[in-house]
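# Overview (structure and organization)
For reference, the chains in residue letters:
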Amino acid sequence: AQKITQTQPGMFVQEKEAVTLDCTYDTSDQSYGLFWYKQPSSGEMIFLIYQGSYDEQNATEGRYSLNFQKARKSANLVISASQLGDSAMYFCAMREGRSASRNQGGKLIFGQGTELSVKP
Amino acid sequence: KAGVTQTPRYLIKTRGQQVTLSCSPISGHRSVSWYQQTPGQGLQFLFEYFSETQRNKGNFPGRFSGRQFSNSRSEMNVSTLELGDSALYLCASSFGEMNTIYFGEGSWLTVV
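Structure report, in brief.

### Looking at the overall build of chain B
Looking only at helices and strands, one finds zero helices and 11 strands in chain B. Compactness check: chain B gives a C-alpha radius of gyration of 13 Å against a globular reference of 13 Å for 112 residues, within 12% of the reference. With the C-alpha coordinates of chain B rotated into their principal frame, the extents come out at 35 × 25 × 25 Å. Burial analysis of chain B (112 residues in total) assigns 52% to the buried set. Considering only residue pairs separated by 6 or more positions, chain B has 53% of its internal contacts joining residues 24 or more positions apart.

Dropping the structure here:
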C-alpha cells in the first residue's frame, strides 16, 4: 500500500542552524512525485519543494533542499540557516503516477507531519 | 498572480445542517482537489475534479460531494453534518497531472 512515514513528531533547532526532516515512502510505482509543504498555525499549506521520481538531481529551492535517495525510498527535507519564521508543521506528501486502475492527478498521500520549533 | 482562494475561512454549523465550501483555483489551473484535515486522521483526500469531471475520489461517505464549474472554480458540500466533520478543509489546484500542487488557506469548519 502507498504510504508516507514521518518518524519525527517534533523537532527543535537553534536559529541559524541547519535541520533535516525525515520522510520515507512506500510505493510500487516507477513514476511518482514527492512534495514538502509547510503549515503554520493559520492552516495554509505552503508549497516548499518538489522532486520527481525520475529527477536525477536533488531539488533545491532557496534554503530548502530535498535529499532524495531512491533506493532507500527516502526524501528528507533539509532547511539551512533556520529562521524563527520556520517554526511550523512540515508535511511530506507523494503523488503517484497513473496506473490501469488509477487516474493520475491531484491526489496526494500525506505523512503525519513533523512540528519544527526554531529557538532563538 | 493570485493563489488558491477558499471561502469562507471560518464557519460554525449545527449538527444536521449542510455546508458548502468554495474554492477558486489559481488562474489557468484545471485540476482542483479537496482534503480534510483533523488531529486524529491527519490529511485525507476527499476528491479531485478536472475539467468539470470527478477524476479521483477518496474514502468518504456520500454526504460529501463536490463539483467543478466551467471556470474551474469548485465547491464541496457536506450534508447532514456530524460532530466528526469538524475539520480544516483544504483545496488545492494544479495546472495538470505533472505540475506542482498549490493549496489555499483552508476553511475551518466547526460542527456543534
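### Brief notes about the sheet that holds strand 7 (residues 64-68) of chain B
All names here are of chain B. Reading across the sheet, the four strands line up as 1-3-8-7 and stay open at both edges, with antiparallel pairing between neighbours. Looking along the sheet, the strands with just one partner apiece sit at the ends: strand 1 (5-7) and strand 7. The mean inter-strand angle of the sheet, taken between neighbouring strand axes irrespective of direction, is 15°. Looking at chain direction, strand 7 and strand 8 (residues 74-78) are connected through five bridges and run antiparallel. Paired with Ser65 across the bridge in strand 8 is Asn77.

### Focus: the interface of chain B and chain A
Residue-level contacts link 25 residues of chain B with 21 residues of chain A. Carbon and sulfur atoms supply 52% of the area buried between chain B and chain A, which totals about 1900 Å² over both sides. In this structure, the connection of chain B to chain A is made through zero salt bridges. If you look at where chain B meets chain A, you find four residue pairs in polar contact (both at pLDDT 80 or more). Among the secondary structure elements, those contributing two or more residues to the side of chain B that touches chain A are strand 4 (31-38), strand 5 (42-50), strand 6 (53-57), strand 9 (87-94) and strand 10 (102-103) of chain B. Tallied by class, the residues present in the side of chain B that touches chain A amount to 10 nonpolar, 10 polar and five charged.

### Some remarks on the state of the cysteines
Inspection of the entire model under this criterion finds two disulfides over all chains. In this model A:Cys23 forms its disulfide with A:Cys92; the gap between the sulfur atoms is 2.0 Å. Judged by the torsion about the S-S bond (-60°), the A:Cys23/A:Cys92 disulfide is left-handed. Taken together, the positions of A:Cys23 in the loop between strand 3 (19-21) and strand 4 (24-26) and A:Cys92 in strand 10 (residues 88-96) put the pair 69 residues apart, joining distant regions of the chain. Among the residues examined, A:Cys92 registers a relative accessible area of 0% and is labelled buried. B:Cys23 shares a disulfide with B:Cys91; S-S distance 1.8 Å. Note on the B:Cys23 and B:Cys91 pair: the S-S dihedral is about -65°, so by sign convention the disulfide is left-handed.

### Description of the packing of aromatic side chains
Applying the stated criterion across every chain yields a total of 15 aromatic pairs over all chains. Taking the centre distance of 5.6 Å and the plane angle of 70° together, the rings of A:Phe47 and B:Tyr102 count as edge-to-face. Of the two residues, A:Phe47 sits in strand 6 (residues 46-52) while B:Tyr102 sits in strand 10, which places them in two different chains. The class of B:Tyr102 is partly exposed, set by a relative accessible area of 33%. Residues A:Phe91 and A:Phe110 carry aromatic rings whose centres are separated by 6.2 Å and whose planes lie at 85° to one another, so their mutual orientation is edge-to-face. Taken together, the residues A:Phe91 in strand 10 and A:Phe110 in strand 11 (residues 108-110) connect sequence positions 19 residues apart. Take A:Phe110: its relative accessible area is 8%, and that puts it in the buried class. Through a chain of ring-to-ring contacts, three or more aromatic side chains come together here, namely A:Phe35, A:Tyr37, A:Phe47, A:Tyr50, A:Phe91, A:Phe110, B:Tyr35, B:Phe45, B:Tyr102 and B:Phe103. A cation over a ring is seen here: B:Arg30 above B:Phe95, with NZ or CZ 5.4 Å from the ring centre. Taking NZ or CZ as reference, B:Arg55 lies 4.3 Å from the ring centre of B:Phe50, over its face.

What counts and what doesn't
- Residues numbered from 1 in each chain as written.
- Chains lettered and ligands numbered in written order.
- Predicted model: local features only at pLDDT ≥ 70, side-chain atom pairs only at ≥ 80, totals over all residues.
- Heavy atoms only, no water.
- Helix = DSSP H or I, 4+ residues; strand = E, 2+ residues; numbered from the N terminus.
- Rg over C-alpha atoms; globule rule 2.2 N^0.38 Å.
- Buried < 20%, exposed > 50% of the residue type's maximum accessible area, 1.4 Å probe, protein only.
- Contact = heavy atoms within 4.5 Å.
- Pairing = 2+ DSSP bridges.
- Axes fitted to C-alpha atoms, helices over the stretch in contact; angles between N-to-C directions.
- Buried area = accessible area lost by both parts, 1.4 Å probe.
- Salt bridge = Lys/Arg side-chain N within 4 Å of Asp/Glu carboxyl O.
- Polar contact = N/O pair within 3.5 Å; in protein donor to acceptor, adjacent residues only side chain to side chain.
- Nonpolar A, V, L, I, M, F, W, Y, C, P; charged D, E, K, R; others polar.
- Disulfide = S-S within 2.5 Å.
- Phe/Tyr/Trp six-rings, centres within 6.5 Å; stacked < 30°, edge-to-face > 60°.
- Lys NZ or Arg CZ within 6 Å of the ring centre and 35° of its normal.

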